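So you can see what is in the structure, the chains are spelled out below.
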Amino acid sequence: YVSVPSSNLRRAQAAVAAAKLDVLVFCEVGMNTMTYFLAFARLARRTALFWGHAVTSGVSAADALTARLGEEASLRTVGGIDYYVSSELFEGAASGAEDDVDDARRHAQRDYAERLWLMRGLTTRFARPPAPRAELLAKNDVIAVPHDRLY
């Protein structure tokens, strides 16, 4: 949990950036001015938007990167939302033949500036993942993640 100042954008950005997050999840972008403008800054390695306001933010990290192709641009320097997390149930990709599901996913992606990440359930409750087995942690087979975090 990070307390974010609501009256000063630069201080709010600094407060979130100081947490050195790997993933920043926005519950919504667009219904509150502060969250809308926070989405333009790269405050975490990856950002995701949930369906609190069930439309695209329009603030795509890919668009920001493309706009700066002539400069030294990378995903570390441009803001925007990386993923919009939705459900196959909301986007019409939950039933039918495999070809129909793929077509529904492609069609749904056109409605979002962010990369669409479709989950199978309602995306309202998530089970806590199991802890990794001790023998996995002892090996160097685990993918390296900054800050010695394992996901």
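Conventions and cut-offs
- Residues numbered from 1 in each chain as written.
- Predicted model: local features only at pLDDT ≥ 70, side-chain atom pairs only at ≥ 80, totals over all residues.
- Heavy atoms only, no water.
- Phe/Tyr/Trp six-rings, centres within 6.5 Å; stacked < 30°, edge-to-face > 60°.
- Buried < 20%, exposed > 50% of the residue type's maximum accessible area, 1.4 Å probe, protein only.
- Pairing = 2+ DSSP bridges.
- Helix = DSSP H or I, 4+ residues; strand = E, 2+ residues; numbered from the N terminus.
- Axes fitted to C-alpha atoms, helices over the stretch in contact; angles between N-to-C directions.
- Arc of directions from axis to C-beta.
- Salt bridge = Lys/Arg side-chain N within 4 Å of Asp/Glu carboxyl O.

Moving on: the packing of aromatic side chains. All chains considered together, the criterion is met by 5 aromatic pairs. Plain terms: the ring middles of Tyr36 and Phe37 are 5.1 Å apart, the flat faces sit at 80° to each other, and that makes the pair edge-to-face. By relative accessible area, Tyr36 is classed as partly exposed at 28%. Relative accessible area serves as the criterion here: at 40%, Phe37 is assigned to the partly exposed category. Through successive ring pairs, a cluster of aromatic residues spans Tyr36, Phe37 and Phe40.

This paragraph deals with the sheet that holds strand E1 (residues 21-26). Strands sit in the order E1-E2-E3-E4 across an open sheet of 4 strands; the sheet is parallel. Either end of the sheet is taken by a strand with one partner, and the two such strands are E1 and strand E4 (115-119). In this sheet, adjacent strand axes meet at a mean angle of 30° when their direction is disregarded. In the sheet, strand E2 (residues 44-49) pairs with strand E3 (residues 83-87) via 2 bridges, with the strands oriented parallel. Of the residues in E3, the one forming a bridge with Ala48 is Tyr83.

What follows concerns the environment of Arg105. Locating Arg105 in the fold gives a position in helix H5 (residues 98-109). For the pair Arg105 and Glu88, spaced 17 residues apart in the sequence, the C-alpha separation amounts to 8.1 Å.

Buried residues of helix H1 (residues 9-18): Ala12, Gln13 and Val16, and no others. With its buried residues spanning 100° around the axis, H1 presents them on a single face. For H1, the exposed residues lying more than 90 degrees away from the buried face are Arg10, Arg11 and Ala18. A positive phi of about 50° marks Lys20, the residue just after H1.

Applying the stated criterion across every chain yields a total of 1 salt bridge. The salt bridge involving Asp82 is made with Arg42; its shortest N-O contact spans 2.9 Å. Within this pair, whereas Asp82 is found in the loop between helix H3 (61-67) and E3, its partner Arg42 is found in the loop between helix H2 (33-38) and E2, the two being separated by 40 residues in sequence. Of the two residues, Asp82 and Arg42, neither departs from the other in class, the shared state being buried.

The values are spatial; any link to function lies outside them.
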